[in-house]
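Now for the letters of each chain:
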Amino acid sequence: MHPSRMNRLTLNGVSGGPELARDLLKALNDQGTITEKGGFLFKARLETGNRRHLVLGFTPCILHGHRTYHYDSRLPGEDEYTLIGSVTPNHVFEILFRPSSEHLTEDDRQRYGVLYVTFARFLLEQGYHRKNALSAVTVEMIREAGLFASAPGDLPGLAGVPLPGDEGPG
């Protein structure tokens, strides 16, 4: 796997280095925590013009006994190139996007593809090690959008998709 090359992370409004994700990854990897929280909702985007700054928002699906929703949280700079999704207690990732147009340009496909791959690489290199299948809806969306030559079925497959700028073995 090639590195994500993330040197800056904004997680739930706090900015710093990739180490900010340490507690999040502990929660995602801990079966008791992820079950208790009913999984997690998330949003992900790359800072405009900076492919090395990942902006993430993660929220437990159940918080203080109440269901949470994607629309309850907003990422700084959120736009059509923001991924939205969830990770279930069974560690299935649903990673979707909502383009501004039905017809994706080649630039759109590249931007979404880079974000999908970068997000997967980041989670894995930060220590996510549980089952990590992509939902059938995610796989179908990737396939229908033509983001990659073939649609991967899990995070390692997604992280292994080559990106422009990847050189040599990962």
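Everything quoted here is computed from the prediction, not taken from an experiment.

Draft legend 1. Representation of the overall build of the chain. Within the chain one finds five helices and eight strands. Going residue by residue from the N terminus, the α and β elements of the chain occur as β-β-α-α-β-β-β-β-β-β-α-α-α. Relative to the compact-globule value of 15 Å for 170 residues, the chain shows a C-alpha radius of gyration of 15 Å, a close match. Across its three principal axes, the chain shows a C-alpha extent of roughly 45 × 35 × 30 Å. Considering the chain as a whole, with its 170 residues, one finds that 46% of them fall into the buried category. For the chain, the share of sequence-separated contacts (at least 6 apart) that also reach a separation of at least 24 residues comes to 66%. Of the roughly 8600 Å² of accessible surface on the chain, a fraction of 51% belongs to carbon and sulfur atoms.

Draft legend 2. Broad picture of the side chain of Asn132. In this structure, Asn132 sits in the loop between helix H3 (106-125) and helix H4 (136-145). A polar atom in the side chain of Asn132 sits 2.8 Å from the backbone oxygen of Arg130. In this view, Asn132 contacts His91, Phe93, Leu124, Asp154, Leu155 and Pro156; residues no more than four positions away in its chain are not counted.

Draft legend 3. Up close: the pattern of salt bridges. Scanning the entire structure with this criterion turns up eight salt bridges. Residue Glu47 pairs with Arg45 through a salt bridge whose shortest N-O separation is 3.4 Å. By relative accessible area, Glu47 is classed as partly exposed at 30%. For Arg45, a relative accessible area of 2% translates into the label buried. Ionic contacts of the salt-bridge type, sharing partners, join the residues Arg5, Arg121 and Asp166 into one network.

Draft legend 4. Representation of the pairing of strand E1 (residues 8-11). Where E1 lies against strand E4 (residues 53-60), four bridges are found, and the strand directions are parallel. For Arg8, the partnering residue across the bridge sits in E4 and is His53. For E1 and strand E2 (residues 14-16), the ladder comprises three bridges, and the chain directions are antiparallel. Looking across to E2, one finds that Leu11 is bridged to Val14. Taking the residues that link successive antiparallel strands as the turn, the E1-E2 hairpin has two residues, and the phi of Asn12 there is positive, at about 50°.

Draft legend 5. Structural view of the nonpolar core. Ranked by size, the top nonpolar core spans 44 residues in total, and within it Leu28, Ile95, Leu155 and Leu158 carry the most contacts. When residues of this core are assigned to their parent elements, the largest contribution, ten residues, is made by H3. Beyond its immediate chain neighbours, meaning those up to four positions away, Leu158 contacts Ile95, Tyr116, Val117, Ala120, Leu134, Ile142, Phe148 and Pro152.

Draft legend 6. Local environment of the packing of aromatic side chains. Applying the stated criterion across every chain yields a total of seven aromatic pairs. A centroid spacing of 5.0 Å and a plane angle of 35° characterise the contact between Phe42 and Phe119, whose relative ring orientation is tilted. With a gap of 77 residues between them, Phe42 in strand E3 (residues 40-46) and Phe119 in helix H3 connect regions that are remote in the sequence. Phe119 sits in the buried class, given a relative accessible area of 0%. Each ring, one from Phe97 and one from Tyr112, has its centre 3.9 Å from the other, and the planes form 25°; the classification is stacked. In this pair, Phe97 sits in the loop between strand E8 (93-96) and H3 while Tyr112 sits in helix H3, placing the two residues 15 residues apart along the sequence.

The rules behind each value
- Residues numbered from 1 in each chain as written.
- Predicted model: local features only at pLDDT ≥ 70, side-chain atom pairs only at ≥ 80, totals over all residues.
- Heavy atoms only, no water.
- Helix = DSSP H or I, 4+ residues; strand = E, 2+ residues; numbered from the N terminus.
- Rg over C-alpha atoms; globule rule 2.2 N^0.38 Å.
- Buried < 20%, exposed > 50% of the residue type's maximum accessible area, 1.4 Å probe, protein only.
- Contact = heavy atoms within 4.5 Å.
- Areas by Shrake-Rupley, 256 points an atom, 1.4 Å probe, with all protein chains shown as cover.
- Polar contact = N/O pair within 3.5 Å; in protein donor to acceptor, adjacent residues only side chain to side chain.
- Salt bridge = Lys/Arg side-chain N within 4 Å of Asp/Glu carboxyl O.
- Pairing = 2+ DSSP bridges.
- Core = buried A, V, L, I, M, F, W, Y, C linked by side-chain atoms within 4.5 Å.
- Phe/Tyr/Trp six-rings, centres within 6.5 Å; stacked < 30°, edge-to-face > 60°.

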